[in-house]
Amino acid sequence: MIAPSELILRPRGSVYHLDLLPGQVAETIITVGDPERVGEVSRRFDRVELRVEAREFVTHTGDLNGKRLSVVSTGIGTDNVDIVINELDALFNIDLHRREVVAEPVALTFLRLGTSGSFQPDIPLDTVVLSSAGLSLDGLLPFYPSIPVDESLATALTTHLSQDGQALPVPPVMVRPQLPDFLASLDPARLTAGITLTAAGFYAPQGRVLRLPTALTPTLLEALRKFRQEDLRITNIEMETAGIYALASALGHRSASLSALLANRALGTFSRQPATTVDRLIDYGLFLLTDR
Ligand SMILES: O=P(O)(O)O[C@H]1O[C@H](CO)[C@@H](O)[C@H]1O
Ligand SMILES: O=c1cc[nH]c(=O)[nH]1
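Keep in mind the model is a prediction, meaning the values are calculated, not measured.

Here the focus is the site of ligand 2. Residues in close proximity to ligand 2 include Thr115, Ser116, Gly117, Phe202, Gln206, Arg208, Ile237, Glu238, Met239, Ala263 and Arg265, which together make up its full environment. Taking Gln206, its side chain carries an N or O atom lying 2.9 Å from a nitrogen atom of ligand 2. Take Arg208: an N or O atom from its side chain is 2.6 Å from an oxygen atom of ligand 2. Contributions of two or more residues to the shell around ligand 2 are made by strand S7 (109–118) and strand S11 (234–238). In terms of residues, the shell around ligand 2 owes the most to one element, S7, which gives three residues.

This is the structure we're talking about:
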């Protein structure tokens, strides 16, 4: 039995942070960082059956073109991703009355629709990028020793950086998703794809300097930019993808992350049409989930 202190339920039996009950969430779940983006997604549904709000975690469940979907906001950062993925998984894969793991776990599908900064000068603003892998610099993953990590990709990065006399301030962890079938069957030549760097913060952890210096110096950022392994390079920076990929894979779920690039960090530019670009991202995500 999982103790009440470890899996906390509200008095009505809902999971502690998300305030959701079993049955209220679809097996296909869109995650977004911004709680306000939840309504932007669900207003495209044919019908919304449920709206729940708890802290930064807003959940809408409904259907589109005959497919049941949920959209859940994670808020910012992988500390929140830890809560969201564990509690959503518990709704399906832990019997909340008996407090026991179910015998036959349900495999969920997660699709993150997020915003991000382009890491390369040649990937234009407003591009939508698929994360082929997550580079976790956020500190969450070492707490989950069962997570399948790509040691050789992480070692290749560390070796590449050391050849330039550079090192990251924290050990890099690389994770690869189990992509949902609707993405695995897409022609890769039609998508911009690459490694998404998941940072522990927005400013110094992404190499930004306002009044405080960053350990991600221009020389280190340039060395990261030049990293190539197989057909992969670091395409973008944000704050959730590696956490979602890692926890979803370890729990037996499929996951994919699509990011709209609103900033270009190499060029110092920001989108002139962020809302339009996020709209396009949402439309594309819903098309992938429902029209194929
Ligand atoms: O637009 P969302 O999904 O929130 O994603 C990005 O935007 C936030 C930072 O502005 C971080 O959460 C980052 O990952
Ligand atoms: O540069 C950016 C843009 C959006 N979100 C991030 O985390 N970083």
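After that view, the rundown keeps rolling.
So, about the site of ligand 1. With respect to spatial proximity, the complete set of residues near ligand 1 consists of Gly33, Asp34, Arg37, Ile76, Arg112, Gly114, Thr115, Phe202, Glu238, Met239 and Glu240. For ligand 1, an oxygen atom lies 2.9 Å from a polar atom in the backbone of Gly33. One nitrogen or oxygen atom from the side chain of Thr115 is found 2.6 Å from an oxygen atom belonging to ligand 1. If ligand 1 stood free it would expose 340 Å²; the protein chains cover 85% of that surface. For the shell around ligand 1, the element with the most residues is S7, which contributes three residues. Of the residues contributing to the shell around ligand 1, the split by class is three nonpolar, three polar and five charged.

Rules used throughout
Residues numbered from 1 in each chain as written. Chains lettered and ligands numbered in written order. Predicted model: local features only at pLDDT ≥ 70, side-chain atom pairs only at ≥ 80, totals over all residues. Heavy atoms only, no water. Near = heavy atom within 4 Å. Polar contact = N/O pair within 3.5 Å; in protein donor to acceptor, adjacent residues only side chain to side chain. Helix = DSSP H or I, 4+ residues; strand = E, 2+ residues; numbered from the N terminus. Areas by Shrake-Rupley, 256 points an atom, 1.4 Å probe, with all protein chains shown as cover. Nonpolar A, V, L, I, M, F, W, Y, C, P; charged D, E, K, R; others polar.

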